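Observations on the model geometry
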Amino acid sequence: MEAPSSAAIPNGGTGVTPRGWQAGGFRQSRAGPPRPQGWPAALNQETRSSRPSEPERRLWVWRHRFPLSYRNSDADNPRPCFWPCGSGLAVGARCARLTPVVGIVSMRILIKHLLAATEPREAVTVKGWVRTRRDAKGFSFLALNDGSCAANVQVVVDAGTPGAEQLPQFTTGASAEIEGRLVPSPAAGQKWELRATRVALIGAADATYPLQKKGHTPEFLRTIAHLRPRSNLFGAMFRLRSRLAFAVHQFFQERDFVYVHTPIITASDCEGAGEMFRVTVLPGNRDEPARGDFFGKPAFLTVSGQLEGETFACALSNIYTFGPTFRAENSNTARHAAEFWMIEPEMAFCDLAGDMDLGEEFIQAMARYALEHCAEDLELFAQRVDRHLLARLQFVVERPFVRVSYTDAIRILQQSGRAFEFPVLYGHNLQSEHERFLTEEHFQSPATVFNYPREIKPFYMRLNDDGRTVTAMDVLVPGIGEVIGGAQREERLEQLRANMAFHRLNPEDYWWYTDLRRYGTVPHAGFGAGFERLLMFLTGMPNIRDVIPFARTPGNAEF
RNA sequence: UCCAGAGUAGCUCAAUGGUAGAGCAGCCGGCUGUUAACCGGCGGGUUACAGGUUCGAGUCCUGUCUCUGGAGCCA
């Protein structure tokens, strides 16, 4: 293993510049990825006499730029990787396309893989950030975390270990590299520990490092959003967010849904769904003159990809979108953000029942995925945030959702004998307290409410035969409220026009949307699911600002 | 935007209108296969900001800012 020194890095900070390599374009572009800590000995000019061959050089660059190309990890048949790139692949991972060319270099292993070991290991390297250090006579304990899992690895450093003279600087928050042997831990608390054979400080963290060993409030951690992923809870949060984003795609791809990238900039407020952010190149962001502006008309950030999604469903049958959505509402609650991610499936040849089926199946699948693939992180949320979390998720996975029409829901609320702050009236939206009563007390389960009065729902929802209600549906979950809102769309041209008139909309603004009904119209349905609300439900986190890496809310766009 | 609450050491919080304190973090020392280790010592403050009442304001009053909870809107 080469010590990670800048001198070993071609074109690196010390000015060692192997000119011959530059001519071949070896110097990475300014926009390229950051250089690794150490370069393979095979490519290090100080440790080899000949310059690397062009294939070697290209291989290295390629591997570094596309670390995902590591595949076929095979724990039973470990083949130490040639590339010490720190890209997150375990020792033993093997590239699908490339065979190691030269040499074997000790490579950094992620702590998650290290702790999953089934037998002791010699000569492993881990890199991470110090959570705590406990000094004993003649040796020290380090708790090291690299974010790959919730658990820390306990490192035992004897006083005589190379690098141990730097131990006083191994304070909470410092980054470090440890080489050592993985051995069974003689003490309770962990299965394995790492007996260090060499330790090196990478970056110190002085006394101003704001994260302590002790717990912090979520409110304080929001003020240091750049550091909070280093805390246990937020590390778990954002690992889980990543996995669930993958689960969303997997869910739809397995069901033959086509992923559609609907526009983020849109030229008209097609849905009337609240305040929009203006997009303009005009100075001062003036409201009026769209003439001379970039698009020649007022442009905004999207509040929904639904209408565009419908056009693709009416061509590719089943589609979904998954992307950022923006609302300029001055909403200041634990459930609202100005920028959030929404999942919007749309299905051709589908009615409201099929829509509800998909929505409920989706929620259940996400809960099941989290339970199966994020168990360690969920355990943390169960301990710290919501001790009923696991039971609730299990319940959601196993039990069918309750379905109730809006009319019946109103009746249930009126007959509950409960004194609500807001009266329960047919023709009004369900208030938060009403939704909470239904899911948390009456049904004690997620519930799908359908067939709402047409007055309180948008124009595109299909009018039922009763002439009073539309085929809308909301999936409500305990603690959060509405997670999914959807509908069967109005596919009848004349009825759609009538709906527009009913809602006082100008049909000319929706000419392309109406065209879908003019040419080969089909019944179709879909819904919008808030990704963050889903995450809140799956983790028990009560505030949307704590499930978004860098939340945007009124008055807050720091970071 | 509306209603309510809060703002004191780096963090979490105390302090009848009368000398601003503790735990953790930091520094120094001790002890220990330790498990947000433990024990002792030390340093640490424009009490959010601006006015006002008072002999005296962290505390009472007014305004501003920020945060939190609830509501509306919704996902």
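This section reports on the structure supplied with the text. (Residues numbered from 1 in each chain as written. Chains lettered and ligands numbered in written order. Predicted model: local features only at pLDDT ≥ 70, side-chain atom pairs only at ≥ 80, totals over all residues. Heavy atoms only, no water.)

1. Quick word on the overall build of chain A
Let me state the cut-off plainly: Helix and strand assignments come from DSSP, with helices taken as H or I runs of at least 4 residues and strands as E runs of at least 2, each series counted from the N terminus. Two residues form a contact once any of their heavy atoms are found within 4.5 Å. Every accessible area reported is derived by Shrake-Rupley at a probe size of 1.4 Å, with residue values counting cover from the shown protein chains alone.
Check the secondary structure of chain A and you find 14 helices and 18 strands. For chain A, long-range pairs separated by at least 24 residues make up 64% of all intrachain contacts whose partners lie at least 6 apart in sequence. Surface exposure of chain A reaches about 27,000 Å², of which carbon and sulfur atoms provide 51%.

2. Details of the packing of aromatic side chains
Note the following rule: Ring pairs shown here join Phe, Tyr and Trp side chains whose ring centres sit within 6.5 Å, with only the six-membered ring taken for Trp; geometry is labelled stacked below 30 degrees between planes, edge-to-face above 60, and tilted in between. Burial status follows relative accessibility: with a 1.4 Å probe on protein chains alone, a residue under 20% of its type maximum counts as buried, one over 50% as exposed, and anything between as partly exposed. Charges are assigned to positions over rings by a cutoff of 6 Å between ring centre and Lys NZ or Arg CZ, combined with an angular limit of 35 degrees from the ring normal.
Throughout the structure, instances matching the rule amount to 20 aromatic pairs. Taking 5.6 Å as the distance between ring centres and 75° as the angle between the ring planes, the aromatic pair formed by Phe459 and Tyr460 counts as edge-to-face. Each member of the pair Phe459 and Tyr460 is classed as buried. In this structure, Arg255 packs its charged tip against the face of Phe251, placed 3.7 Å from the ring centre. The side chain of Arg517 reaches across the aromatic face of Tyr513, ending 4.1 Å from its centre.

3. Topic: the pairing of strand S4 (residues 139-145)
Convention followed: Pairing between strands is defined by DSSP: at least two bridges between them are needed.
Taking burial as the measure, the seven residues of S4 include five buried ones, the bulk of the element. Bridge analysis of strand S3 (residues 121-136) against S4 gives seven bridges, and the strand direction is antiparallel. For Arg133, the partnering residue across the bridge sits in S4 and is Leu142. Between S3 and S4, which pair antiparallel and follow one another directly, the connecting turn spans two residues, one of which, Gly138, has a positive phi of 85°.

4. Structural notes on the environment of Ala176
Within the fold, Ala176 resides in strand S6 (residues 175-184). Residues Ala176 and Leu144 lie 32 residues apart in sequence; the distance between their C-alpha atoms is 8.4 Å. Once residues lying within four places of it in the same chain are set aside, the contact partners of Ala176 are Val126, Lys127, Gly128, Leu144, Phe170, Ala200 and Ile202.

5. Quick notes on the nonpolar core
Keep this limit in mind: Only buried residues count toward a nonpolar core. Its members are Ala, Val, Leu, Ile, Met, Phe, Trp, Tyr and Cys residues joined through side-chain atoms within 4.5 Å. Segmentation of the chain into domains, including their bounds, is taken from an automatic or database domain assignment.
By size, the foremost hydrophobic cluster in this structure holds 90 residues, and its most contacted members are Ile178, Leu244, Phe362 and Met366. If one sorts the elements of this core by residue count, helix H5 (residues 232-254) sits on top with 11 residues. When residues of this core are assigned to domains, at least three map to each of domain 2 (113-209) and domain 3 (228-264 + 302-546). When residues no more than four places from it in sequence are discounted, the contact partners of Met366 are Leu244, Ala247, Val248, Phe251, Leu534 and Leu538. The next biggest cluster of nonpolar side chains, apart from the first, holds 27 residues, and it includes Tyr406, Leu463, Leu496 and Met500.

6. Thoughts on the sheet that holds S3
Where we set the bar: Here an axis means a line fitted to C-alpha atoms, over the contact stretch when the element is a helix, while the angle between two N-to-C directions is reported on a 0 to 180 degree scale.
An order of S3-S4-S5-S7-S6 is seen for the five strands of this closed barrel, with the pairing classed as mixed. Recorded for the sheet is a direction-independent mean angle of 50° between the axes of neighbouring strands. Bridge analysis of S4 against strand S5 (residues 153-158) gives six bridges, and the strand direction is antiparallel. Counted as the bridge partner of Ala143 is Gln154 from S5.

7. What about helix H13 (residues 511-518)?
When H13 is considered as a whole, its buried residues turn out to be Tyr513, Thr514, Asp515, Leu516 and Arg517. Next to the buried residues of H13 lie helix H6 (306-316), helix H12 (493-502) and strand S18 (524-530).

Without other data, these values stay purely geometric and don't point to any function.
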